[in-house]
Amino acid sequence: MCLIADIGGTNARFALVEAGGFTPQHERTLACANYRSLVDAALAYLDDVSQPMPESASLAIATPVSSDRVVMTNHIWDLSVEETRKALGLKSLKVLNDYTALALALPHFGKDDYYQVGRGSTVEKQTLAVLGPGTGLGVSGAVYAGDYWLPLQSEGGHISYGPLNEREAVVIDVIRMHHDFVSAESLVSGPGLVLLYESIAKCDGIKHELLSPKQITNQALKGDNPSAEEAVGMFCGILGAIAGNLALTLGARGGVFVGGGIVPKLGDYFTSSLFRARFEHNSRLGQYLAEIPTYVICSKYPALIGAAVAVKQQYSHLGVGSVSH
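Just so it is clear, the model here is predicted, and its values are computed rather than measured.

## Section: helix α4 (residues 166-176)
Item 1. Those residues of α4 lying buried are Glu168, Val171, Ile172, Val174 and Ile175. Down the axis, α4 shows its buried residues gathered within 150 degrees of arc, on one side only.
Item 2. Against α5 (184-187), α6 (190-203), α8 (226-250) and α10 (275-280) lie the buried residues of α4.
Item 3. The opening residue of α4 is Asn165, an N-cap whose side-chain oxygen sits 3.3 Å from the backbone nitrogen of Arg167.

## Considering helix α2 (residues 81-88)
Item 1. Three or more residues of α2 are buried, namely Val81, Thr84, Arg85 and Leu88. Seen end-on, α2 carries its buried residues on one side only, within an arc spanning 100 degrees. Within α2, the exposed residues directed more than 90 degrees away from the buried face are Glu83, Lys86 and Ala87.
Item 2. Those residues of α2 hidden inside the fold are in contact with α1 (38-48), β5 (69-71), β6 (78-80), β7 (92-97) and β14 (320-323).
Item 3. Between a side-chain oxygen at the N-terminus of α2 and the backbone nitrogen of Glu82 the separation is 3.4 Å; the capping residue is Ser80.
Item 4. In the stretch just after α2, Gly89 is the one whose phi turns positive, near 70 degrees.

## Some details on the packing of aromatic side chains
Item 1. Going through the model one piece at a time under the given rule, you end up with 10 aromatic pairs.
Item 2. Relative to Tyr295, the ring of Tyr114 has its centre 5.0 Å away and its plane inclined at 70 degrees; by these criteria the two rings are edge-to-face. Here Tyr114 is found in strand β8 (residues 114-117), whereas its partner Tyr295 is found in strand β13 (residues 294-297), with 181 residues between them in sequence.
Item 3. Residue classification places Tyr114 among the buried positions, given a relative accessible area of 18%.
Item 4. Here Tyr295 falls in the buried class, since its relative accessible area comes to 8%.
Item 5. Between Phe275 and Phe279 the ring centres are 6.3 Å apart and the planes differ by 25 degrees, which places this aromatic pair in the stacked class. With Phe275 and Phe279 both in helix α10 and four residues apart, the pair spans about one turn of that helix.
Item 6. According to the relative accessible area criterion, Phe275 is buried, its value standing at 1%.
Item 7. Taking relative accessible area as the criterion, Phe279 reaches 1% and is therefore assigned buried.

How each quantity is defined
- All residue numbers here refer to positions counted from 1 along the written sequence of the relevant chain.
- Given that the model is predicted, a residue must reach a pLDDT of at least 70 before its local features are reported, and side-chain atom pairs must reach 80 or more before they are shown or counted; all residues, however, enter totals for whole chains, interfaces and linings.
- The basis for every side-chain value is the complete set of heavy atoms in the structure, and neither hydrogens nor water enter the calculation.
- The classification of residues rests on relative accessible area computed with a 1.4 Å probe and restricted to protein chains. Under 20% of the type maximum is buried, over 50% is exposed, and intermediate values are partly exposed.
- Each helix is a run of H or I in the DSSP string that is no shorter than four residues. Each strand is a run of E no shorter than two, and both are numbered from the N terminus.
- Summarising the geometry, the arc corresponds to the directions from the helix axis toward the C-beta atoms.
- By definition, residues are in contact when any of their heavy atoms lie within 4.5 Å.
- Within 3.5 Å is the distance limit for a polar contact, defined as a pair of N or O atoms, with the added protein rule that one can donate a hydrogen and the other accept it, and that residues adjacent in sequence qualify only through two side-chain atoms.
- Any two rings among Phe, Tyr and Trp, with Trp reduced to its six-membered ring, count as a pair given centres within 6.5 Å; such a pair is stacked if its planes are under 30 degrees apart, edge-to-face if over 60, and tilted if neither.

Below is the structure:
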């Protein structure tokens, strides 16, 4: 067996997978805030499922991974890959970016792992793109390389974002009063949704209560908070524009997949939102974008599949590894 994990800024999802397989077993989700370190969380997981420590592990983590020292972008965990391997008693440990792992998982999805939003048709063996708002905004893609799919190691969530209509411009001007750089992630993520909600209320001179991302989406779906409704609607529209830019940048004619912890919970609201219209909105290449399909990932643990795939020999260059000698 191999220990696999998908570690975000809020939750750490653990599972075990048989060597050479891609089907997670004994899946559990742990709140990162409840553990001092990744090692503590991993040990707690194995204790919970009553399983011994395997010899190998592959961990997908929400941060850039380019050296032995891995510092999470949206959480306090700070770790050494080598020291973590030793602390867990592993023979081998691989750590890679979570959206690189998610990109690896895309070609292994079954038909029940995603559903389409809007028009467009997949072109076989053409580039796939993926992005997803959660605690942050993950971005990646996968390019067909003949015998296998080559995933990208991207930090595209931190690109800048410019407003595309007057209302967005007014809201973002309010945000700029306190943020000198407005990135895609600062608008399209859990904290970004809160920022949009609070900024919209300020623009309209409305007193607002402090709400979590979940509370904002719940109130928007119920239709009893106009500021929350507009915030979620603007969130979907901005995500659509960013997804369209990603499709153009990568030439993602194989499709654009939306994951993360927020969008899959919006259900029919997202399907009928401005997402797809803003995805296609381009004066020169609107028809090109219209032919590209967009999908919402509904697989429960998609990045775990990618973490399992990442141990294959052709992906030895991805992320950072540590092996006992």
